[in-house]
Every structure is written in structure tokens, then in C-alpha cells.
Amino acid sequence: MEHIVIIGNGISGVTLARHIRKLSDKKITIVSAETDYFFSRTALMYVYMGHMKFEHTQPYENWFWEKNRINLKKGYVENIHTNSKTLQFADGDTLQYDKLVIATGSKPNKFGWPGQDLEGVMGMYHKQDLDNLEKHAPNKDVCKRAVIVGGGLIGIELAEMLNSRSIPVTFLVRESSFWNGVLPEGESAMINRHIKNHHIDLRLSTNLKEIKSDENGKVKSVIIEETGEELECNVVGLTAGVSPNIDFIKDSAIETGRGVKVNRFLETNIADVYAIGDCAEQHEAIGNRRPIEAVWYTGRMMGETLAQTICGNRIEYKPGHWFNSAKFMDIEYQTYGWVFAKSRENEAHFHWKHQDDTKCITVAYHKDSNEFLGINTFGIRMRHEIFDKWLTEKRDVDYVMNHLSDANFDPEFYSKFENDILSAYNNQLQTA
Amino acid sequence: MSNKLNHSMSLAKPDALNITTKQKIALILGVVGLFILALALFNTNFPNKGLFLTLSLGLIVLGTIVYSREAYLTKLEGIKNDGQWFKSISSRGIWGWILGVILTGFYIVLYFYPKYLGLGQGADGANTGLISLFDPLSQLLSGRNASQWFVYGTLYTIAILAFGYKFILKYRHNRYQQIRTVSVMFFQLGFAFLIPEFMYVMNNDLPYYDLKSIWPLNYYIFDEWSVNGFLSNGNIGLALILFGIISIFVITPILTYKFGKRWYCSWVCGCGGLAETAGDSFRHLSSKKMYAWKLERWLIHLVLVFSVVMTTAMVYTYLGYDKNDFWLTRSVFISLVIGFLTIIFVGVMYFKRQELGKDAKYGAIGFFSVIALLLIMHFTGTTDNVFYVKASSLRSAYGIYIGSIFSGVIGTGFYPILGSRSWCRFGCPMAAILGFQQRLFSKFRITTNGGQCISCGNCSNSCEMGIDVRHYAQKGENIVRSSCVGCGICSAVCPRGVLKLENDSMKGRINPTEVLLGNDVDLMELVNQK
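The structure reproduced in this document is the subject of the present report.

Cut-offs used in this document
- Residues numbered from 1 in each chain as written.
- Chains lettered and ligands numbered in written order.
- Predicted model: local features only at pLDDT ≥ 70, side-chain atom pairs only at ≥ 80, totals over all residues.
- Heavy atoms only, no water.
- Helix = DSSP H or I, 4+ residues; strand = E, 2+ residues; numbered from the N terminus.
- Rg over C-alpha atoms; globule rule 2.2 N^0.38 Å.
- Buried < 20%, exposed > 50% of the residue type's maximum accessible area, 1.4 Å probe, protein only.
- Areas by Shrake-Rupley, 256 points an atom, 1.4 Å probe, with all protein chains shown as cover.
- Lys, Arg positive; Asp, Glu negative; His and termini not counted.
- Charge placed at Lys NZ, Arg CZ, Asp CG, Glu CD.
- Contact = heavy atoms within 4.5 Å.
- Pairing = 2+ DSSP bridges.
- Axes fitted to C-alpha atoms, helices over the stretch in contact; angles between N-to-C directions.
- Expected span 1.5 Å × (residues − 1).
- Core = buried A, V, L, I, M, F, W, Y, C linked by side-chain atoms within 4.5 Å.
- Patch = residues over 30% accessible without salt bridge, like charges linked within 9 Å, V, L, I, M, F, W, Y side chains within 5 Å.
- Salt bridge = Lys/Arg side-chain N within 4 Å of Asp/Glu carboxyl O.
- Buried area = accessible area lost by both parts, 1.4 Å probe.
- Polar contact = N/O pair within 3.5 Å; in protein donor to acceptor, adjacent residues only side chain to side chain.
- Nonpolar A, V, L, I, M, F, W, Y, C, P; charged D, E, K, R; others polar.
- Left-handed = near helix turned anticlockwise from the far one by under 90°.

A separate point is the overall build of chain A. Summing up its helical and strand segments, chain A has 10 helices and 25 strands in all. In summary, chain A has a C-alpha radius of gyration of 23 Å against a globular reference of 22 Å for 432 residues, a match within 12%. In terms of its C-alpha atoms, chain A occupies a principal-axis envelope of roughly 70 × 60 × 40 Å. Within chain A, buried positions represent 59% of all 432 residues. Accessible surface, chain A: about 17,300 Å² in total, of which carbon and sulfur atoms supply 44%. Separation of charge centres in chain A, based on 50 positive and 60 negative side chains, amounts to 2 Å.

Right, here's the structure in full:
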């Protein structure tokens, strides 16, 4: 029986394993050094906040794996010998495979800051980071202040986590406004205000210079690049993005760039070796997507796709319309299609913001053809299915604005803003 | 694993999260209110009972209000579940167990030893103790002395009102939650508490009737004393008992078809009302494991069978043999019941056979056992005996084991251990009927928003009915489960806007998918069309 070995038990690897099992009887082994069972990485924050226990982040009960004949092996792969199709583990163990899938995800970026490996300095990505945070920041007496470096999705989640235990947070963001490489100005500015409303000390256009140690090798303070100011703190969160977690592959014959290089079939340069999820790097970007997509949904889609190829129906990874979501403290964010931070040539944005400063939308469209290109929505839930359909049908922006209520996905009895939005849209067109 | 909960056994400071000084004062106010009740329980004879009762209930309500305002109004609107798995009381810590023991003890005394509450223990059968403290309020409302049920009803209503207020503040960003909570507060205060008292004032021969409590949840409505009580009161009594029959056979199916069982379970019902308000802090404690679901399906349907057979047997025993007394004789009645059950059974098997899958077999076994039971009863029953036991023993067994122990002692007493809806989930026969219809003939579903689920588990965690909501959401599949009471908390806590409670057409309501929206359209077509 063909043995499929998957390194990594995240959403990509697990989705792949589930789909292979549906399609075939192949022997499947999932290898992980992080945890015994699959858990939802995006839910780690809720464990620290006390909304859930760690076991609740595991989407499948423990019996699921045996029932579906998916072997789980805990171990750290040190080397991949592609000639003999053997994995070598750190503890000396080996494992033979017929087909190998690398789905090892990401690791937090560190940019060579002095002191970045001190005790109390951590990313917020792995289960071990959560354990580490629990150790260094159990409450506001042990952790009198935390400094977060890097204004992205993980940074704001870490801020929310610490805030839930009343630990004062200073949030250093290199950009002039939160996540403004992705979010248009109005939205980014609204999130800045929302962060500050949660009593988080948000410092924009601010860089970390170094992290200082106390006599025991623990974090004592950070120095800020621009002002030289020293901030005392007990925890430093490094959340300046992630990069593929592939150091263990560098010595193998598998071609890597920033990630594991794959073609559109998610195949590497070595036969029978594949890569999916955060750690895979496309030779050429697909459409407007980045060559490396460190997103839950794309990892899942690659898993769904590769299962077909591995089970004999070789197909390309051909993702549909872009979508994503996040939550910034209390404000939910969804995006469908492409809305860039700065509208590209021939594109225009329509922006509407509610006076309560927690809801807004930005709609991107083509200036000449009026084709609807995408929407960002904050504080108003919208239907994935409808936007996916409108994007496929290449609807024009007028149609979308006039039918926005079809896409509303807020709970029953919520106030509706479609009329507000539409009249703002019509007014803007008249003045423009 | 460092995330295992290690509860401190300290009573003074067991929690990772501290409460503010104002909240401590609020807690003290509430405790003083409860302490007055405790003093009364231990036979302190208060001079001015009306004053002390007002003081006690007032302090409890005031304490809850002040506590809640401090907890929620000092923060921005949003999900407020921080530390729910750290707090001793809401994570089966020592305070949780203490509360569970106190509540359970209260229910045991209430149902089985009301004399310890002071029922009729004074001179000439007057009340003493806790019950006598409530005499002034009962006198005010209906001009009679209080009973243990009046005390219970008052405390129950107070709990729903005070914790309902807390719930409304907690979800002040969510209008579905607010309106729903106002609704349960209204039905408890009006229908369960005030209207029956006023009905007594108008006509003191009428049996207690909470109009919103429908058979089989209201298992005593068709008891002989109850039916006689209604019938001996002319048109109004007749109207009431007709309303009881129409409720279950006409109103319920229509509303459940349009809105799902939530119209009752989380908008009207008193049991649900308490679970949603006072029980809100315990909702996440329900088990989401597969074995709990299996147990649930067996238990709740067994209770339903028990209640149908028991009620039929009860009515059967007081009906006559002869047509001359009343057209509804035993034979006619038993034929009606069997006929009705058969129509439902055949209808479901004909129209919904596919959806039932292998459960159809269990349904068939269940149906034929009920019919067999009823026929055995018919051919072996005498005036007093059915199944060779006294019919009244059957009824009292149901009353004790299901009505009191299951729904009260376990259902509410175990809130801090089993979660807030263990009765609704494992025992309530009304929920079983509504759920059966919701699964098969209803427009209601929880829609999953395309491919947006991140499998975080907040939805499953907060489901009081123990539904593994995530199991469906992460497959992009709508949630159509008989047990769903439509409380809407899964939708509220979802960080990515994935879930929406909706009433829409029956078509495409159940939509299992393998590949989620957002991927290659050809792949979706290939895999999902199978």
C-alpha cells in the first residue's frame, strides 16, 4: 500500500489527509513536532483569554484519527533523504515514504534585533508560544507591561490577548498607520482609533532598536529606535510577520527559495515530494496573490486540491476569487475580491464609514468599465457566496451598490446600513 | 500541558481575573439579600415580612444590576467571555461545585420536603420559615397565602429578570439577543407568574395554568383533576383546555415550520428562559463529545415515549367504556392516538425516508413499540390498572423521575456542572417533538458563510445544547439539528462572521459539501456533485 507521509498537522496537512482518506485506502501518516493532535492555530488566542480550553481548539476528537486510519507521529524531522525516500528524525528514528508532503507552515520573523532571543521574548504562532506567554505573562502583577513589535494580524491579536488580562500593552508599529500595506487609509485609521479606545499604547511609525536584558537573561526593557526612549517591560511579542518554516529542508535536494518551490500542481523539483500551505512558494504568483500565501483558507484549498493529484487525478492549484477575514479586537473584517491599500491605475475606491466609528466598507471598481473588483467590510457581515457570484459575473459597481442588501449576513434584527451606503455612494458620484 | 486548568482551592481568590471594588460591593449586596432568605429559612421570624421580603429581593436584584453594569458598561461593546474558563464558578471549580450542591439541595427540599421551607408548619396550617416570608406578596397578588411553588415561582422570575438584564448588557451590541431576552423576561413575568395569579383571583376553581407551558412539557394538563377542574368551570375552562390542545397540535407545528423550535425554546419557554439568563455563565460546560450526542438521542426520545404512553394511559383510565356518557370512549381514544401516530409515522417515512438514513430503523422500532404498548394497555387495562400497575403510579413515577428529578434537580441544580440546558437537551419531551419537526419540516437553519470558517471552535464551545457547530461550519454545511434551540450565541461569538440564523426555503437547506467555496470552481463541481 502506498505510504503518504505529511509533515505538519496544521489545516493544510490535515485537510489533505482527510481528503486522501475519502478518495483512497492509502496508508497516511501525519508527522508533527508541535502537538499530538491537530488544533486550530487561529484559536490559540482564545485559550489565553479564557474563552476556551486548549482541547476546544481541536476540531476532531481524539478517536477520529484512528477511526479514519490516519497515523499520527510526534517527532521533529531533521533531514529528508529524497533518494532513499526516508525521513530522519531528531531522535534517530526514520520513516519511509512513497509520497511526501511538506506542510510545515510558518515561523515568526526575527530581524536580528539585539536581544531577540532573551527569555520573555516570543512570537505568537506555535502552541509553545502560548505556553511561553502563559509562563511570562500570567497576570498583570508578573507582567507589568508587554511590548508588541509589528503591526499585523498577529500583533493586534496578541494585544487583545494581553488586554484581556489587564496587562498594559505598548504596540510598536513600523508603518504610519495600522496594517496600511493592506488596508486603505480610512479603514486603517479607524482601526488605529479602535486600538487606542482599548487603552492600548499604540505607537505608529515606531521601530524597535534593541531589547535589553536583566541580570538573569530575561527581558528588562526595549529601546525605541526613533526616540531612544527606554520602555520597561516583562514580555516582548515579536509579530512582524511570518516566513516559511523550512530550515530542516535546506540540506536536502528539494529546491527552496523563501519557501519550498512548487509548480501549479504543488509539486517540488523532486518527484513524489509536494508542498502545501504557508511553506509553499509558487514559482510565479497566481493572479494578484502572493507567491507565498500564509492564510488559513489557502492552506485548506491546497490540501483539497493536492488530495486529487495524489489519488491519481492530477489537477492544478487554481484558487477562485480571493477572500479573507480577521477580527480587530471587537471589529470583524471580511474581504472579497481585491481591494488594495492604494487603488491601482484605473481603479477607484468608494469608502463609507458609519458615524459610530466601528463600521465601514471600501468598494474597489474599475474606473472605465465600472467593473466591481472587491469589497472590504468592517463591522458588517456579508455573504461570501453572493460576492463570489458577483465577481464571477463581473457585475458593475452600480449593481453591487444597489443590491448590497442581498449580501447582508448580519444577525436578524440588526440595523441595516445599505440605504445610508447607497445614498453616500450616489452623492459621491454626483460630486466626483 | 500547561493549559490544563489548575484550580486554586482558595475560596478567597481562586480566579486569575479580579473583580473591581464596585463589583465586590455589588456581590455583598446580593449576598445580604440571599442571607435574609437564609435567615427566614432557618425560622427567623421577621417582624414586618413585607418589608424584609422587599429588602431581600431588592438587594438581590440591585446587586446583580450593579455587578453587571460594572462588568459590561465599563468596556466597549463586544464579546465578553474573558476568563470564563478560568473563573472557578464557571469552569467546574470549587465555587461551581458549591453552587451546584446548594441548587440541587434546594430542589430536593422544594420537591420532596417542602415542610422544611415552612409549608403549613405554623398554627392552623399557617406558613412559617421561608414560605411565610412570601405570604405578603402572595396575599397582594391573589389574596391567599404562599405555597412552596409561589416561592419558587417568585425566585425563578426574579432570576430571569435580573440575569436577563445582565445578559442584555453583555450582548448590548446584538439586537437578536436583546429582543429574545426581553421576550423570555416578558413571558416569565406575565404568563408564568402574574397571569395565573390573576386567573386565580377571577376564578379560584381553575387549576394553575401557565398558558405558554405546552404538553408534553406541561405533563399534568391532561390529568383527571386538571381536566375536571377546567371542565367544571364552564366556557372559560373549556376554552383553556381547548387552547392547550390547539397549542400542541396546531400552533406549535405552524410556528416551528416558520421559525424553527427557537420560537419556543429560546423565546418563550420558562426552562429555556432560566437557562439563557441565569444559566448563561454555564452554557459552555455542555459536553460536545460524540458519546454525549448519542446519549442525548436515546434519552430524550425515551422520555418522549414515556410521556406519550403515560399521558395516553392517564386519559384512558378516566374515560368510560360506554358511548352514552361521552362520545370519547376508551376505544375511540386509543384508536385516535394510534391513528395519529400512524399518520405521522407513515408521512415521515414516505416523504423524508432519505434524510433519516439509518435512523429510520430506530424510528420504526420506536413507533411499533409505542403502538404495541398502547395495544397491550388497551387489552389488559382495567379501570385502575394499565400494564398491571396502577395508572396513577405510572403518572406519579413520571412526575417524580422526569418532572422533578430530571428537569429540576438535575436540569437546573447541575447548571454549574453539566451546563445550562441539560434538561432541554437530554430530557424535555417538548423539545424532542419540536426538534423532530425542526429537523424535517422547518424553514429554519443556521447558514454557514461560504468558506470563511477557521475552525476556531468558539461556536461549539458556546453551544449550550452541546452541538459541535464547528463540525458543520468548517465543512461549509448549514446546521440543521433537531436539538438547536436557536439561541444565536454561536453566531454572536463567531470571530469571522460565519454563522447566521435564518428562515428560508426548505430547498437546499441541508447542503453537505466536501470542498468549500473559494477554491477552484471545477474542483468544487467535481467533488461536490458526487
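A few words now on the overall build of chain B. Scanning chain B for helices and strands turns up 22 helices and four strands. Computed over C-alpha atoms, the radius of gyration of chain B comes to 25 Å, within 12% of the 24 Å expected from 2.2 N^0.38 for 530 residues, which places it in the range of a compact globule. For chain B, the spread of C-alpha atoms along the three principal axes comes to 80 × 65 × 40 Å. Out of the 530 residues in chain B, the part that is buried amounts to 54%. Taking as baseline every contact in chain B between residues at least 6 positions apart, the subset at least 24 positions apart corresponds to 72%. As presented, chain B carries roughly 23,300 Å² of accessible surface, and 67% of it is formed by carbon and sulfur atoms. With 47 positive and 28 negative side-chain charges, chain B shows a separation of 6 Å between the mean positions of the two kinds.

Looking now at the sheet that holds strand E13 (residues 208–213) of chain A. Residues and elements named next belong to chain A. One open sheet holds the three strands; their spatial order is E13-E14-E15, and the pairing between them is antiparallel. Single-partner strands in this sheet number two, and they are E13 and strand E15 (230–232). The average angle at which neighbouring strand axes cross in this sheet is 25°, direction not considered. Relative to strand E14 (residues 219–224), E13 runs antiparallel, the two sharing five bridges. When the bridges of E14 are listed, Glu210 appears paired with Ile223.

Before going further, it helps to examine helix H9 (residues 234–259) of chain B. Count 3.6 residues to each turn of an α-helix, and residues three or four apart come out pointing the same way. All names here are of chain B. Under the 1.5 Å per step criterion, the end-to-end length of H9 is 35 Å for 26 residues, consistent within 8% with the ideal 38 Å. For H9, the complete set of buried residues consists of Gly237, Leu240, Ile241, Gly244, Ser247, Ile248, Thr252 and Thr256. On its buried face, H9 sits against helix H7 (175–202), helix H8 (224–231), helix H10 (262–265) and helix H18 (429–440). Two residues or fewer after H9 comes Gly260, characterised by a positive phi angle close to 85°.

Proteins that are soluble and globular tend to have nonpolar side chains buried together. Among the nonpolar cores identified, the biggest contains 122 residues, and Ile80(A) and Ile102(A) are the most heavily contacted of them. With sequence-adjacent residues up to four places away left out, Ile80(A) is seen in contact with Ile7(A), Thr86(A), Leu87(A), Tyr97(A), Leu100(A), Ile102(A), Phe248(A), Ile249(A), Ser252(A) and Ile254(A).

Another aspect to go through is a nonpolar patch on the surface. Residues and elements named next belong to chain B. On the surface, a nonpolar cluster with roughly 920 Å² of combined accessible area is contributed by Leu231, Leu238, Leu242, Ile245, Ile246, Phe249, Val250, Ile254, Phe340, Ile344 and Phe436. For the nonpolar patch, the elements supplying multiple residues, two or more each, are H9 and helix H13 (330–356). When residues of the nonpolar patch are assigned to their parent elements, the largest contribution, seven residues, is made by H9. Locating Phe249 in the fold gives a position in helix H9.

A few words now on the interface of chain B and chain A. Bring the parts together and some accessible area is lost; that lost area is often taken as the interface size. At the interface, 65 residues of chain B touch 70 residues of chain A. When the two sides are added together, the surface that chain B and chain A hide from each other amounts to roughly 5,500 Å², 48% of it contributed by carbon and sulfur. Counting the contacts that link chain B with chain A gives five salt bridges. Here Glu514(B) and Lys22(A) are joined by a salt bridge, their closest N and O atoms 3.0 Å apart. On inspection of chain B and its partner chain A, the count reaches 42 residue pairs in polar contact (both at pLDDT 80 or more). When residues of the side of chain B that touches chain A are traced back to their parent elements, those giving at least two are H7, strand E3 (444–448), helix H19 (458–462), helix H21 (489–493), strand E4 (499–503) and helix H22 (521–528) of chain B. Top contributing element to the side of chain B that touches chain A by residue count: E4(B), with five residues. The residue makeup of the side of chain B that touches chain A, split by class, is 26 nonpolar, 24 polar and 15 charged.

Another point: the sheet that holds strand E7 (residues 99–102) of chain A. Residues and elements named next belong to chain A. Judged by pairing direction, the sheet is parallel, and its five strands sit side by side in the order E3-E2-E1-E7-E19 without closing on themselves. In the strand order of this sheet, the two ends are held by strand E3 (70–74) and strand E19 (273–275), each with one partner. Shown here is a sheet whose adjacent strand axes are inclined to one another by a mean of 20°, direction ignored. Bridge count for strand E1 (residues 3–7) against E7 is four bridges, and the pairing is parallel. From the neighbouring strand, Val5 faces E7, where its bridge partner is Leu100. Seen against the sheet, helix H1 (residues 11–23) touches E1, strand E2 (27–32), E3 and E7 and runs at an angle of roughly 170° to E2.

We now examine the packing of helix H12 (residues 290–318) of chain B against helix H15 (residues 391–410) of chain B. Residues and elements named next belong to chain B. At a minimum axis distance of 9 Å, the contact between H12 and H15 shows a crossing angle of 145°. At the point where H12 passes H15, the crossing takes the left-handed sense. Between H12 and H15, the residues in contact are Leu299, Val303, Phe306, Ser307, Met310, Ala313, Met314 and Thr317 and Ala391, Leu394, Arg395, Tyr398, Ile402 and Phe406, respectively. Residue composition of the contact of H12 with H15, grouped by class: 11 nonpolar, two polar and one charged.

Any link to function would need more than the numbers given here.
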